[in-house]
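For reference, the chains in residue letters:
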Amino acid sequence: LVTHDGARWLPRTLAAIRGSRVRPEAVHVVDTDSIDGTADLLADAGTTIASIHSAPRHQPFGVSVAQIVSTLPDPDPEAADHHWIWLLHDDSAPARDALESLLAAAETHPDAAILGCKSVGWNDSSRLQDVGLTMTGTGHRSPRVERGERDQGQYIETEEVLAVGSAGMLIRRDAWQTLDGMRPFIPFYRDDIDFCWRAWEHGYRVRVVPQAEIAHREAATHGRSEEHTSELQSHHDLVC
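Residues numbered from 1 in each chain as written. Predicted model: local features only at pLDDT ≥ 70, side-chain atom pairs only at ≥ 80, totals over all residues. Heavy atoms only, no water.

Description of the overall build of the chain
Reasoning step 1: A tally of helices and strands in the chain yields 7 helices and 12 strands.
Reasoning step 2: For 240 residues, the compact-globule estimate of 2.2 N^0.38 gives 18 Å, and the chain sits close to it at 17 Å.
Reasoning step 3: Dimensions of the chain, computed from C-alpha atoms along their principal axes, come out at roughly 45 × 40 × 35 Å.
Reasoning step 4: In the chain, once contacts between residues fewer than 6 apart in sequence are set aside, the share between residues at least 24 apart is 75%.
Reasoning step 5: Of the roughly 11,200 Å² of accessible surface on the chain, 48% is carried by carbon and sulfur atoms.
Reasoning step 6: Side-chain charges of the chain comprise 22 positive and 37 negative groups, with the mean position of each set lying 5 Å from the other. (Helix = DSSP H or I, 4+ residues; strand = E, 2+ residues; numbered from the N terminus. Rg over C-alpha atoms; globule rule 2.2 N^0.38 Å. Contact = heavy atoms within 4.5 Å. Areas by Shrake-Rupley, 256 points an atom, 1.4 Å probe, with all protein chains shown as cover. Lys, Arg positive; Asp, Glu negative; His and termini not counted. Charge placed at Lys NZ, Arg CZ, Asp CG, Glu CD.)

A look at the side chain of serine 20
Reasoning step 1: Within the secondary structure, serine 20 is located in the loop between α1 (10–18) and β2 (28–31).
Reasoning step 2: With a relative accessible area of 7%, serine 20 lands in the buried category.
Reasoning step 3: Apart from residues no more than four positions distant in its own chain, serine 20 is found in contact with Arg96 and Leu99. (Buried < 20%, exposed > 50% of the residue type's maximum accessible area, 1.4 Å probe, protein only.)

Some words on the layout of surface pockets
Reasoning step 1: Roughly 760 Å³ of volume is contained in the largest pocket.
Reasoning step 2: Surrounding the largest pocket, 27 residues form its lining, Glu25, Ala26, Trp84, Ile85 and Trp86 being those nearest its centre.
Reasoning step 3: Those elements that provide at least two residues to the lining of the largest pocket are β2, α3 (61–69), β4 (84–86) and α4 (98–108).
Reasoning step 4: When grouped by side-chain class, the residues that make up the lining of the largest pocket number 21 nonpolar, 3 polar and 3 charged. (1 Å grid on protein atoms, 1.4 Å probe; cavity = no way out; pocket = protein on both sides within 12 Å on 5 of 7 lines; lining within 4 Å. Points joined across faces, edges and corners; volume = space filled by probe spheres on them. Nonpolar A, V, L, I, M, F, W, Y, C, P; charged D, E, K, R; others polar.)

Some points on α3
Along an α-helix, a turn takes 3.6 residues, which lines up residues three or four apart on a common side.
Reasoning step 1: Looking at α3, one finds that the buried residues are Phe61, Gly62, Ser64, Val65, Ile68 and Val69. For α3, the buried positions fall inside an angular range of 160° around the axis, keeping them on one side. (Arc of directions from axis to C-beta.)

Re the sheet that holds β2
Reasoning step 1: Read across the sheet, 3 strands follow the order β1-β2-β3 without closing on themselves; strand pairing throughout is parallel. Each edge of the sheet is formed by a strand with only one pairing partner; in this case those strands are β1 (2–3) and β3 (51–54).
Reasoning step 2: Pairing between β2 and β3: 4 bridges, direction parallel. The partner of valine 29 across the bridge, within β3, is isoleucine 52. (Pairing = 2+ DSSP bridges.)

Remarks on the side chain of lysine 118
Reasoning step 1: Within the secondary structure, lysine 118 is located in strand β6 (residues 112–121).
Reasoning step 2: Contact partners of lysine 118, with chain neighbours within four places excluded, come to Leu128, Asp130, Val131, Asp151, Val209, Pro210, Ala212, Glu213 and Ile214.

Points about the packing of aromatic side chains
Reasoning step 1: Going through the model one piece at a time under the given rule, you end up with 1 aromatic pair.
Reasoning step 2: Aromatic pair tryptophan 176 and phenylalanine 195: ring centres 5.6 Å apart, planes at 50°, arrangement tilted. Residue tryptophan 176 is found in helix α5 (residues 173–179), and its partner phenylalanine 195 is found in helix α6 (residues 191–201); the two are separated by 19 residues along the sequence.
Reasoning step 3: When the ring centre of tryptophan 122 is taken as reference, the NZ or CZ atom of arginine 12 above it lies at 4.2 Å. (Phe/Tyr/Trp six-rings, centres within 6.5 Å; stacked < 30°, edge-to-face > 60°. Lys NZ or Arg CZ within 6 Å of the ring centre and 35° of its normal.)

As C-alpha cells, this is what we get:
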C-alpha cells in the first residue's frame, strides 16, 4: 500500500483491507512524506499493518513497491505455491471478495503472472472506470470500456488483456523480480501499462478478473497533489 496525502480516502481503504474475506499475509505501507493526517491514520491502524516505511515525497509508485519487496524474505524455491504481491493505492478500496477472486482466477489460470481488478467509481460503484487497459494508436493509455459506462454485469469473463491498472494489481513475485519491477522513469498512470507490456514480452500473461472489484478515487488524476497533477499534464504519451 503506497500512501501520499491520502487521509481523505485512507480510512475506507484500510477498512476494506480489514474486511477482506481473504486477508493478505502481511500489509506493508510506504508513505511518501505525506503532509496531511496520513501518518496518524497509519499509526492508529494497529495490527492491520505489518510495517510502515518512509520515502521521499517525489518517489515514484513502482520504486515505493520495490522498496517493500526488497525487505521481504526470499520465497522458498521448493514451495509449490507462488508468492504474490498485491498493490494498492491509498484511494483504492477493494471489495470484500476482491483478493479471493484474484487468487481463485490465478489458480484457474496458472499461466497468468499478473491479474487485475474491475475498477469502479469511488462514490458510485455502478459506474465503470476500467476492466483492463489498452493503448490507442497514438500511445495513450485507455480503458477498455466507455468512461462512466454503467455496470450491468456485462463483463464477467476473466480474459487476457494488454494491461491492468496498478490499483489492485496482483503480481507473481518471480515475475516482478524478472521484470525488475516498474520502471521509475515512466510517469504515474503509465507505469502499469508499461509493466504489463514488458510482462507480455517476457512470455508472461496478463488477465483482468471482473469478479474482483475495486473502488478507486483516482485522486491523482483529479488533482490530489500538485506534483502528481503536473506530472500527468506533462506526460501525455507512453514511451516504451
